[in-house]
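An overview of the molecular structure
What follows is each chain in one-letter form.
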There are 4 protein chains.
Amino acid sequence: MEYFPAPGRNHLFVPGPTNVPEKVIQAFSRGNEDHRSPAFATLSKSVLDGVKDLFKTKTATSFIFPTTGTGAWESALTNTLSPGDKIVSFRLGQFSLLWIDQMQRLKFNVDVVDCEWGAGADLNILNAKLAMDYNHEIKAICIVHNETSTGVTNSIPSIRALLDKHKHPALLLVDGVSSIGAIEFKMDEWGVDVALTGSQKALGLPTGLGIVCAGPKALEAAKTATSPRVFFDWADYLKFYKLGSYWPYTPSSQMLYALRASLDLIFEEGLDNVIKRHARLGEATRLAVAAWGLKLCTKRPEWNSDTVTAVVVPPYINSLDVVKMAWKKYNLSLGVGLNKVAGKVFRIGHLGFVNELQLLGALSGVEMILKDIGYPVVLGSGVAAAAAHLQKKTPLISSRL
Amino acid sequence: MEYFPAPGRNHLFVPGPTNVPEKVIQAFSRGNEDHRSPAFATLSKSVLDGVKDLFKTKTATSFIFPTTGTGAWESALTNTLSPGDKIVSFRLGQFSLLWIDQMQRLKFNVDVVDCEWGAGADLNILNAKLAMDYNHEIKAICIVHNETSTGVTNSIPSIRALLDKHKHPALLLVDGVSSIGAIEFKMDEWGVDVALTGSQKALGLPTGLGIVCAGPKALEAAKTATSPRVFFDWADYLKFYKLGSYWPYTPSSQMLYALRASLDLIFEEGLDNVIKRHARLGEATRLAVAAWGLKLCTKRPEWNSDTVTAVVVPPYINSLDVVKMAWKKYNLSLGVGLNKVAGKVFRIGHLGFVNELQLLGALSGVEMILKDIGYPVVLGSGVAAAAAHLQKKTPLISSRL
Amino acid sequence: MEYFPAPGRNHLFVPGPTNVPEKVIQAFSRGNEDHRSPAFATLSKSVLDGVKDLFKTKTATSFIFPTTGTGAWESALTNTLSPGDKIVSFRLGQFSLLWIDQMQRLKFNVDVVDCEWGAGADLNILNAKLAMDYNHEIKAICIVHNETSTGVTNSIPSIRALLDKHKHPALLLVDGVSSIGAIEFKMDEWGVDVALTGSQKALGLPTGLGIVCAGPKALEAAKTATSPRVFFDWADYLKFYKLGSYWPYTPSSQMLYALRASLDLIFEEGLDNVIKRHARLGEATRLAVAAWGLKLCTKRPEWNSDTVTAVVVPPYINSLDVVKMAWKKYNLSLGVGLNKVAGKVFRIGHLGFVNELQLLGALSGVEMILKDIGYPVVLGSGVAAAAAHLQKKTPLISSRL
Amino acid sequence: MEYFPAPGRNHLFVPGPTNVPEKVIQAFSRGNEDHRSPAFATLSKSVLDGVKDLFKTKTATSFIFPTTGTGAWESALTNTLSPGDKIVSFRLGQFSLLWIDQMQRLKFNVDVVDCEWGAGADLNILNAKLAMDYNHEIKAICIVHNETSTGVTNSIPSIRALLDKHKHPALLLVDGVSSIGAIEFKMDEWGVDVALTGSQKALGLPTGLGIVCAGPKALEAAKTATSPRVFFDWADYLKFYKLGSYWPYTPSSQMLYALRASLDLIFEEGLDNVIKRHARLGEATRLAVAAWGLKLCTKRPEWNSDTVTAVVVPPYINSLDVVKMAWKKYNLSLGVGLNKVAGKVFRIGHLGFVNELQLLGALSGVEMILKDIGYPVVLGSGVAAAAAHLQKKTPLISSRL
């Protein structure tokens, strides 16, 4: 079954879901099995430990929910907070917006800090809020590490530094959906209390796993948090962890085998090498954008994201036409602009199991599309700029030295 | 990666997750794709329509959540009810027990009707409760159609009849996790307001989809229900249905292609033929149990389940030993007894894409295991009884006439 | 794409192609790769060594041809013999018949020893022929180890003993297509000069690999054999072995990865355990046949095959009807009777990655079919006889002790 | 199992084996089945017919051998010719060389016409030979349509024209391994008597099928050809075609399902569109090569191949270093130079299921590699030249208009 078939491979450059390595497809291409057998417990322990390595945490407890990032958000919030609790959160793109919408609908008291789309979290405002919060009414800071809609990466260490400076006990909840496993993320070192990601991003899996790590302070908070929760309740998992059977309800064995395969790929390459690869691809993409004479949606280099680049089109172009032409002519899937930047921005995801030549192919495509729709680009210009960077920075593949 | 490998095929006879047909494995063995492309909308519409056929409803709206049955439960409850609302529910096995636990933790006022494990819902009690509920304080009747832990199928039409008799407006919420697609289920005809199932049962998929159909009355109730919800909120889906993009957050394309393949298999065989096959396999299993001189956990034939048979072992045997020996010696996965019937009962699932010879192989295995652990069974006795029934009742395969 | 679909799994009990383990399917579910890369050489060496372990040889050289068993035959003959060379060969079933037909068409001088179908090779005749062959005109003895059409296993050590007794230098060429990897086979110990098998039998792969091991004497003979050959020429392989690039033409990477996976499964289980499992399943099948009151095609127990059982039906039954009914009603694939035993015999393969309960399911099916077509069988009788044997002989699965 | 793993996808640009579409991988990711069932006959007929459409023949008979291109060659020769028969053949690259080697070893009398590597067949010589062959001693003209080692496409219609001009009855045998399904090929219109290809080229399958179409004159010749043959004998197939069971020995069901899927993809795209796509990609590649200031191995534009481009490196560079660096740094698989052009040429395959952006990614890679190894290329130059062509010539994807 194939709808709208096209010759050759689809070039998947949305910022998630991402390319699935063949090894991962092989791993999940299997029938069901009894999740109460000893075999399954062995697998379960292995991946629960593995994701902690990915989050760079030794102190947190990991949970793997059969859900999406949206569900992982809900799990992070409802396990640690009670209705009415005050949260400070930054609205600077579509995903932070959606998370805040969730917080509000779950009846938390959200102190929303609106920032320009394309900018990072305004830390001065946070600093001021923390400074004035004598009674520690702020229970949590919720931040999206990498705002996928605008290509903005926030500095989590800076937020931790502010909390420490003010000796503020608020929990730090971080959405790492489009960062963890691709951009530097150090849960323990950064003092993150809850961090979360989804399977279809850096891990290169199908959608379906919401992965949450909860540090000791978060687990403690969960004991008194009164938000109603069942499906997303950590307590149910903890009960089964003690029993050694791990799952309060049926997990997807296919997805867990796939997760094991994905983690193996990441640690074989080396997590730090994975991060360097994303940095290399991100910079190459930005160099191409500059060569085309276009601007990033991201306002300042410090916020540049290494997993997704949001490109602003000139006013006389509708960015949706870029995305449509990409799909219709070159079998290239790009991300559209969302909400405030709809029509103004298109996005190139460079996240997950992707390498230099895949990116250069996509950048060539973008060049041709820009020309197709009337933007005066010099074909080859962006690719040349990107290639100049990649040719210098790409190391030999370590297994092939 | 294979833990505890064994020669030959695993015989998967737990009552879910069930055997995945090769065609379904093929369908989900694929990479990711952009869920915002026109291709994906075409697929989405196709499966959202398809599951309505499976539920035998034309009036309901279908929702496919990236979750499990537990999540589907939560979706059914939180979209239609408000905290404090009175629910009547029957506790007669592990899954009805867990659903009731969920209801209580979600702050509903559950009027629990405890029934013997092995019995069906006590309709006299329901009748009495409805008769006395002059003010219509009962907002919902929640019932597990097929209680997987005891092999009990409840009569949904009888419950509908009682509601109608009393002209009672309570919503009828039905867990069809181990029934829909295998046992007769007629959502519209039976006046079910919300029905739900999970992907890993009759549909023979991996775990990961919670499928919910909500009738008009349920959708109306959703407009005023105040239970906090975001991930499981129908409203978010309805918004995207209108937009024609279907998904409020990233779905698993793999699972939706697999669902399409599974529905194709079911409708090619014919849903009514699927149901007849389950009836045939259920009866054959029960005949085998009788031939072994063992009793069903199910107390009366009217409650016999055609998707799972719970077998009571003699007091001198621990049913867990049956399950362990099955796995250790014959690579046969049986279901353990849960909670109240732990150690007393083992379960044979005959649910999903399974046929006569698969079942007879498993029944042979059970015979040998019974002998292995000291129960005086005559080898061949159960298989003979089952085969006598199957030989008579099994039609020629329609595609091969 | 599925022609003539049926509910549930196909029960594949033809004596090849056999059941493919899921792990093997996963291994070959992959794209193409450059067979001239270092990665491919590593894989190639690994499987070329692995098949030698399977054949129990340290002295032979292994060749893996992209062909079938028929091609492997051709390779064995043309590399070691010259047109006109005298071969002694036994015609006692369809596959020995076909091999002899090949020999004749390739212009060898075949001294055909016709034996009853169902009997093994007549060693007295061989003894006499060797005794009289003063001038060593006989260049080769060609024998099918396990005649798949009649369920007859010949004794290779006895043939070696005769050759040794007569100090006869004839090459010993053995077709191990339906034996190697399932029935005891000791290439070095038995002094076999060329042994061969196909991928779709004990190895549980798709068809497509013809695996040939040639001992030192055979390799020596290849230097002077004048049969025209190119595709099947060992010399081309040997040239590439020296270069370390292994393949004179493009091999199937998928099949070689699958072969690696299959060998891993076999050696994890233990080759001797694999052989014991086949012995157990073979005996169980024969006990079932006896319980049904039917006769084996195999004339004497010493010739009983542990990989396939040929069952003789009563004269008033056409065995083809058994096979048709199996496919049409129970999705069971049995082997038909071939050539001389067409209509008289049906065959149950119990070869490859198959276990006790798979076999018992199939035997139940055969019982029902016999009844379906009018043979007065007692349902359960054969299964009971088989199960009595299996329950006693089946060890706990070693990984699950 | 993965040897020498690398991040992201392998860029497979050897001229075969080629990229396997996901749909084809899905099609062959399946267990074995009984090749004697009615289901299998249906599939068999379907693909035997389908390949005739691919070869553009209505009069020929198709044969699908479980072998490689080398085996298909052997089948073409041995079925139509007798030892000692005179063949005229052109040696102008590695594959024509190997085929001629095969002819000689099979004892045909080959009149070898040596041409420069990089040139096409010298038709003047052929003209002369045909003119002088009064007694029609030449029994066959054997020609490689597309010489994969040098990127040379020969004109088959010109050869047919010469034969017709001289009213010469010689058979015309054409190796279409790297052309059929990618470059215009009209078996009937061009009067080709035997044409052949392999599965791992334009069809995008794994290696393992040798596909041969034999026209009426070839089939007639087969009746008297005395070359010894069994495995490759058409007669055995024809016998089974009549029986409707199609296969003289066990075929690979996986490969036949995959072939069906591949043919579906090709005919959905439209065979003529497939050919145009190859023309577009071939021209783009050649434009890139020119922009780099490098020369083609192909001596004249009329011989340019649209499936593979052989690029000559400057004398101070070893082309093997290009290929090694491609694999070691960019996970790009290029073809090495073979035999006479070893070290002097590297090859870019653009054959099969490959599209514009895949090619442009690979061309970017080649640019970077050239720079890596010291050739003064301007990064972006080749990509720009290729993109300029592709941007103009690439049509919208027909299913997505």
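Residues numbered from 1 in each chain as written. Chains lettered and ligands numbered in written order. Predicted model: local features only at pLDDT ≥ 70, side-chain atom pairs only at ≥ 80, totals over all residues. Heavy atoms only, no water.

1. A short note on the overall build of chain A
- What chain A contains, in helices and strands, is 13 helices and 14 strands.
- At 21 Å, chain A has a C-alpha radius of gyration in line with the 21 Å of a compact globule built from 401 residues.
- By residue count, 68% of the 401 residues in chain A fall in the buried class.
- Within chain A, counting contacts between residues at least 6 apart in sequence, those at least 24 apart form 73% of the total.
- About 12400 Å² of surface is accessible on chain A, with carbon and sulfur atoms providing 55% of the total. (Helix = DSSP H or I, 4+ residues; strand = E, 2+ residues; numbered from the N terminus. Rg over C-alpha atoms; globule rule 2.2 N^0.38 Å. Buried < 20%, exposed > 50% of the residue type's maximum accessible area, 1.4 Å probe, protein only. Contact = heavy atoms within 4.5 Å. Areas by Shrake-Rupley, 256 points an atom, 1.4 Å probe, with all protein chains shown as cover.)

2. Concerning the sheet that holds strand 11 (residues 295–296) of chain D
- Spatially, 3 strands are ordered 11-12-14 (chain D) in an open sheet, and the strand pairing comes out antiparallel. The outermost strands of the open sheet, each flanked by one partner alone, are strand 11 and strand 14 (345–349) of chain D. (Pairing = 2+ DSSP bridges.)

3. Quick notes on the relation of the copies chain D and chain A
- Structural alignment of chain D on chain A gives an RMSD of 0.0 Å, achieved by rotating through 180° and translating 0.0 Å along the axis. Interpreted geometrically, this transformation is the action of a two-fold axis. Residue Gly361(D), judged by its C-alpha, is the member of chain D lying nearest the rotation axis, at 1.8 Å. (Least-squares fit on C-alpha atoms with pLDDT ≥ 70 in both.)

4. What about the pattern of salt bridges?
- Inspection of the entire model under this criterion finds 87 salt bridges over all chains.
- One salt bridge in this structure joins Asp236(B) and Arg105(A), with 2.7 Å as the shortest N-O distance. With Asp236(B) in helix 8 (residues 234–243) and Arg105(A) in helix 4 (residues 94–105), this residue pair bridges two chains.
- With relative accessibility at 16%, the residue Asp236(B) sits in the buried group.
- What makes Arg105(A) partly exposed here is its relative accessible area of 22%.
- The residue Arg286(B) makes a salt bridge to Asp306(B) at a minimum N-O spacing of 3.0 Å. Here Arg286(B) is found in helix 10 (residues 271–291), whereas its partner Asp306(B) is found in the loop between strand 11 (295–296) and strand 12 (308–312), with 20 residues between them in sequence. (Salt bridge = Lys/Arg side-chain N within 4 Å of Asp/Glu carboxyl O.)

5. Brief notes about the environment of Asp111(B)
All names here are of chain B.
- Within the secondary structure, Asp111 sits in strand 4 (residues 109–114).
- Residue classification places Asp111 among the buried residues on the basis of a relative accessible area of 18%.
- Expressed as a C-alpha distance, the spacing of Asp111 and Lys86, which sit 25 residues apart in the sequence, is 6.9 Å.
- Among all residues touching Asp111, those that are not within four sequence positions of it are Lys86, Ile87, Val88, Ser89 and Lys129.
- Polar contacts involving the side chain of Asp111 include one to the side chain of Lys129, which spans 2.8 Å. (Polar contact = N/O pair within 3.5 Å; in protein donor to acceptor, adjacent residues only side chain to side chain.)

6. Points about the confidence of the model for chain A
- Taken as a whole, chain A shows an average pLDDT of 97; of its residues, 100% reach a score of 70 or greater.
- Note on the complex model: pTM 0.98, ipTM 0.98. (pLDDT = per-residue confidence, 0-100.)

7. Focus on the packing of helix 9 (residues 253–269) of chain A against helix 10 (residues 271–291) of chain A
Residue and element names in this part refer to chain A.
- The N-to-C vectors of helix 9 and helix 10 enclose an angle of 85°; their axes lie 5 Å apart at closest approach. When the axes of helix 9 and helix 10 are compared, the pair comes out roughly perpendicular. Here helix 9 contributes Ile266, Phe267 and Glu269 to the contact with helix 10, which in turn contributes Leu271, Asn273, Val274 and Arg277.
- Grouping the constituent residues of the contact of helix 9 with helix 10 by class yields 4 nonpolar, 1 polar and 2 charged. (Axes fitted to C-alpha atoms, helices over the stretch in contact; angles between N-to-C directions. Parallel < 35°, antiparallel > 145°, perpendicular 65-115°, else oblique. Nonpolar A, V, L, I, M, F, W, Y, C, P; charged D, E, K, R; others polar.)

8. What about the UniProt feature "domain: Aminotransferase class V" (unreviewed entry) in chain A?
- Mapped onto the present numbering, the UniProt feature "domain: Aminotransferase class V" (unreviewed entry) falls on residues 12–325 of chain A.
- Overall, residues 12–325 of chain A shows 42% helix and 17% strand. The separation of its end C-alpha atoms is 14 Å. (UniProt positions renumbered as here; feature names shortened; annotations may be inferred.)

9. Concerning the packing of helix 10 (residues 271–291) of chain C against helix 12 (residues 356–372) of chain C
Residue and element names in this part refer to chain C.
- At a minimum axis separation of 11 Å, helix 10 and helix 12 run at an interaxial angle of 20°. In this view, helix 10 runs roughly parallel relative to helix 12, as classed from their interaxial angle. Crossing angle aside, the handedness with which helix 10 passes helix 12 is right-handed. Packed against helix 10, whose contacting residues are Arg277, Arg280, Leu281, Ala284, Thr285 and Ala288, the element helix 12 presents Glu356, Leu359 and Leu363 at the interface.
- For the contact of helix 10 with helix 12, the residue count by class is 5 nonpolar, 1 polar and 3 charged. (Left-handed = near helix turned anticlockwise from the far one by under 90°.)

10. A few points about the domain arrangement of chain A
All names here are of chain A.
- By domain assignment, chain A separates into domain 1 (11–18 + 271–400) and domain 2 (22–267).
- For domain 1 versus domain 2, the separation of C-alpha centres amounts to 27 Å.
- Listed as interface residues are 28 residues of domain 1 and, on the opposing side, 32 residues of domain 2.
- For the pair domain 1 and domain 2, the summed buried surface comes to about 2400 Å²; carbon and sulfur atoms form 62% of the total. (Domains from an automatic or database assignment. Buried area = accessible area lost by both parts, 1.4 Å probe.)

11. Description of the interface of chain D and chain A
- Contacts between chain D and chain A engage 51 residues on the former and 51 residues on the latter.
- Overall, the association of chain D and chain A removes approximately 4500 Å² of surface from exposure, summing both partners, and the carbon and sulfur fraction of that is 61%.
- Among the residues of chain D in contact with chain A, Leu357(D), Gln391(D) and Arg400(D) are the three that bury the most area, contributing 18% of the side total.
- For the interface between chain D and chain A, the tally reads 0 salt bridges.
- Summed over the shared surface of chain D and chain A, the number is 24 residue pairs in polar contact (both at pLDDT 80 or more).
- Contributing elements (two or more residues each) for the side of chain D that touches chain A: helix 1 (22–28), helix 9 (253–269), helix 11 (319–330), helix 12 (356–372) and helix 13 (381–393) of chain D.
- Top element by residues in the side of chain D that touches chain A is helix 12 of chain D. It accounts for 11 residues.

12. What about the relation of the copies chain A and chain B?
- Placing chain A over chain B gives an RMSD of 0.0 Å and needs a rotation angle of 180°, together with 0.0 Å of translation along the axis.
- The overlap is high: 100% of the interface residues of chain A also sit at the interface in chain B, so the same surface is used on both sides.

13. Things to note about the interface of chain A and chain B
- Of the residues lining the interface, 55 residues belong to chain A; the matching set on chain B comes to 55 residues.
- Between chain A and chain B, roughly 4500 Å² of surface is buried when both sides are summed, and carbon and sulfur atoms account for 65% of that area.
- Sorting the residues of chain A by area buried against chain B places Tyr3(A), Asn32(A) and Arg105(A) first, and these three jointly supply 15% of that buried surface.
- Counting across the chain A and chain B interface gives 4 salt bridges.

14. Looking at the packing of aromatic side chains
- Applying the stated criterion to the full structure yields 76 aromatic pairs over all chains.
- Centroid distance Tyr241(A) to Tyr246(A): 5.9 Å. Interplanar angle 55°. Geometry classified as tilted. With respect to class, Tyr241(A) is no different from Tyr246(A); both count as buried.
- Residues Tyr237(B) and Tyr249(B) carry aromatic rings whose centres are separated by 5.9 Å and whose planes lie at 90° to one another, so their mutual orientation is edge-to-face. (Phe/Tyr/Trp six-rings, centres within 6.5 Å; stacked < 30°, edge-to-face > 60°.)

15. Digging into the sheet that holds strand 14 (residues 345–349) of chain A
Residues and elements named next belong to chain A.
- Taking strand neighbours across the sheet as the criterion, the 3 strands line up as 11-12-14 in an open arrangement whose pairing is antiparallel. Of all strands in the sheet, those bounded by a partner on one side alone are strand 11 (295–296) and strand 14.
- Pairing geometry for strand 11 and strand 12 (residues 308–312), over 2 bridges, is antiparallel. Residue pairing across strands places Lys295 opposite Val312, the latter belonging to strand 12.

16. Some points on helix 3 (residues 69–80) of chain C
Residues and elements named next belong to chain C.
- The end-to-end C-alpha separation of helix 3 is 17 Å, in line with the 16 Å expected for 12 residues at 1.5 Å each.
- The buried fraction of helix 3 amounts to 12 of the 12 residues, a majority that puts the element mostly inside the structure.
- By the burial criterion, the buried members of helix 3 are Gly69, Thr70, Gly71, Ala72, Trp73, Glu74, Ser75, Ala76, Leu77, Thr78, Asn79 and Thr80.
- You can read the cap of helix 3 off the contacts: a side-chain oxygen lies 3.2 Å from the backbone nitrogen of Thr70, and it is on Thr68. (Expected span 1.5 Å × (residues − 1).)

17. Some remarks on helix 2 (residues 38–55) of chain A
Residue and element names in this part refer to chain A.
- Its 18 residues place the ends of helix 2 27 Å apart at the C-alpha level, agreeing with the 26 Å of an ideal helix rising 1.5 Å per residue.
- What helix 2 keeps buried is the set Ala39, Phe40, Leu43, Ser44, Val47, Leu48, Gly50, Val51, Lys52, Leu54 and Phe55.
- At the exit of helix 2 stands Lys56, carrying a positive phi of roughly 55°.

18. Considering the UniProt feature "modified residue: N6-(pyridoxal phosphate)lysine" (unreviewed entry) in chain A
Residues and elements named next belong to chain A.
- Using the residue numbers shown here, the UniProt feature "modified residue: N6-(pyridoxal phosphate)lysine" (unreviewed entry) corresponds to Lys201.
- Following the sequence through the fold, Lys201 ends up in the loop between strand 9 (194–198) and strand 10 (210–214).
- Each residue touching Lys201, except ones within four places of it in the same chain, is listed here: Pro15, Gly16, Thr18, Thr148, Val177, Leu351 and Gly352.

19. What to know about the pairing of strand 10 of chain A
Residues and elements named next belong to chain A.
- For strand 10, the tally of buried residues reaches 5 of 5 residues, placing the bulk of the element in the interior.
- Neither face of strand 10 is left uncovered, since the one carrying Gly210, Val212 and Ala214 and the one carrying Ile211 and Cys213 both have all their residues buried.
- Alignment of strand 2 (residues 61–65) against strand 10, held across 5 bridges, turns out to be antiparallel. Paired with Ile64 across the two strands is Ile211, which belongs to strand 10.
- Bridge count between strand 9 and strand 10: 5 bridges; the pairing is antiparallel.

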